[in-house]
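This is what each chain is made of:
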Amino acid sequence: MQNFNFVNPTRIVFGKGNVPKIGAEAAKAGRKALLVYGGGSIKKNGVYAAVTAALKQNGVDFVEHPGVKPNPVLSHVREGIKKALADGCDLIVAAGGGSVIDESKAIAAGAKYSGDVWDFFCGKAGIKEALPLFTVLTLPATGSEMNSGCVVTNEEKAQKYSAHGAALFPRVSVLDPETTLTLPRAQVANGAVDALAHLIESYFTTADRDVAVTDEIVHALARSVIASTRRILKDPADYAARASMMWTATLALNGLASCGYGGTSFPNHAIEHSLSALYDIAHGAGLAVVMPAWFKWHLRKAGPERLEKFGAAVFGTKDAGAAIAAFESFFREAGAPVRLSEAGIPAADIPRVAENALGLMQMWGMSYTRAEVEEVLKLAA
Ligand code: NZQ
Ligand code: ZN
């Protein structure tokens, strides 16, 4: 077990009926909020009405920044920064999924920085401060509601890169499982795949394979993702399953599930971000394509040990190949694509995808070669 620091300052307010609590929490940080949301799902499921009423009741004025795209884009982040500055916003309220929260984090940091916000994503500058951020999560998947990272696509450069900094941890995140009852089936699948991806990246890339407690946390959270998702797909109104999924996805990427590991990296994410940057596909869908292929590559390169351990604990399988098949079959069962062609990506594009992924891998300090990335992608063809 490697030495580590673990800190997570985000306060979670969890449970049904809690969305209005965002008002009093936001009022502790300021008087004028930038209210960030996406394409309108929050207007259909009552979250918008509840958040705006709560802000008004608590004396927090707000200006709206709607229209965040899934896979949020830099141009819209820049618009948000301008709006926050022009209207004198002293805090941000984000209501939606990971894209809305990520764009809000970028705006929060960009509003406190004199240069261009993309500097944080391409490694030119570090994030020192940010406007305080409050979130109402409506899609369990990314963990953004309780972590210090954000992902934005520079649409001119076709780069989907990330920025990180302690100032980006939300102050408070409200997690009301009832807000997820309106999720389309495809987003349920995407969220499940993403949460599993967060669990497996560090587990499979750690240089230290004797970290029993974290291995067991990963196993338990992975079992919970799979069991909750199966219940949700069978009965979308199953509150207990929605609640379990929501908290599990948060725990999968809030720092807990990698404590004590060493030398970890996020190769599946780097390759997926290239797919999203080039084809604008959903993050979870891209991961469902990449992960089975990467596991096959990992098995050749690193041997069966981790796959056997994970497979036995999570799927009740006996060997590494069966564990990979179990992942793939769960993704299919949830309705996610598991091959490039199923996601509409031609195999002829593999060199272009690999080239794009390598740029991010370099940013993230990974030493994959172009041939290795192409090998993984060929296994997804
Ligand atoms: O835009 P609206 O109308 O809100 O609709 C959204 C969107 O179309 C919809 N939706 C969200 N909650 C809903 C709902 N529809 C009905 N009912 C609800 N309750 O779902 C669609 C997808 O939303 P999005 O926010 O894009 O999904 P997700 O939460 O999966 O976020 C994906 C983004 O997060 C990044 C991904 O790369 C991607 O850009 N990630 C962020 C991470 C982080 N900050 O730590 C880590 C992840 O690995 C990931 O990279
Ligand atoms: Zn992810």
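Below is a summary of the structure that appears in this document. (Residues numbered from 1 in each chain as written. Chains lettered and ligands numbered in written order. Predicted model: local features only at pLDDT ≥ 70, side-chain atom pairs only at ≥ 80, totals over all residues. Heavy atoms only, no water.)

For the rest of this paragraph, the subject is the site of ligand 1. Ligand 1 sits among 33 residues. The nearest are Ser41, Gly98, Ser99, Asp102 and Lys160. Side-chain polar atom of Ser144 to a nitrogen atom of ligand 1: 3.3 Å apart, as the coordinates give it. With respect to ligand 1, the side chain of His269 contributes an N or O atom lying 2.9 Å from an oxygen atom. Alone, ligand 1 offers 960 Å² of accessible surface; in the complex the protein occludes 89% of this. Elements that contribute at least two residues to the shell around ligand 1 include exactly helix H5 (98-110), strand S6 (149-154), helix H6 (185-205) and helix H9 (267-279). Here the shell around ligand 1 is built from residues that sort into 9 nonpolar, 21 polar and 3 charged. Composition of the shell around ligand 1 by domain shows at least three residues from each of domain 1 (11-178) and domain 2 (183-379). (Near = heavy atom within 4 Å. Polar contact = N/O pair within 3.5 Å; in protein donor to acceptor, adjacent residues only side chain to side chain. Areas by Shrake-Rupley, 256 points an atom, 1.4 Å probe, with all protein chains shown as cover. Helix = DSSP H or I, 4+ residues; strand = E, 2+ residues; numbered from the N terminus. Nonpolar A, V, L, I, M, F, W, Y, C, P; charged D, E, K, R; others polar. Domains from an automatic or database assignment.)

Of the protein atoms, only Asp194 (OD), His198 (NE2), His269 (NE2) and His283 (NE2) coordinate the zinc ion (ligand 2), at distances of 2.0 to 2.2 Å. All donors to the zinc ion (ligand 2) come from one chain, and their sequence spacing reads D-x3-H-x70-H-x13-H. Here His269, found in helix H9, pairs with His283, found in helix H10 (residues 283-302); they are 14 residues apart in sequence, far enough to count as distant. Considered together, His269 and His283 belong to a single accessibility category, that of buried residues. (Donors = N, O, S within 2.8 Å, 3.2 Å for Na, K, Ca; no water. Buried < 20%, exposed > 50% of the residue type's maximum accessible area, 1.4 Å probe, protein only.)

With that settled, the discussion passes to the packing of H6 against helix H12 (residues 320-334). Contact pair H6 / H12: the axes reach a minimum separation of 9 Å and the direction vectors enclose 155°. As the angle between them shows, H6 and H12 are arranged roughly antiparallel. Where H6 approaches H12, its residues Arg185, Ala189, Ala192, Val193, Leu196 and Ile200 are matched on the opposing element by Phe327, Phe330, Phe331, Glu333 and Ala334. Its residues assigned to classes, the contact of H6 with H12 shows 9 nonpolar, no polar and 2 charged. (Axes fitted to C-alpha atoms, helices over the stretch in contact; angles between N-to-C directions. Parallel < 35°, antiparallel > 145°, perpendicular 65-115°, else oblique. Contact = heavy atoms within 4.5 Å.)

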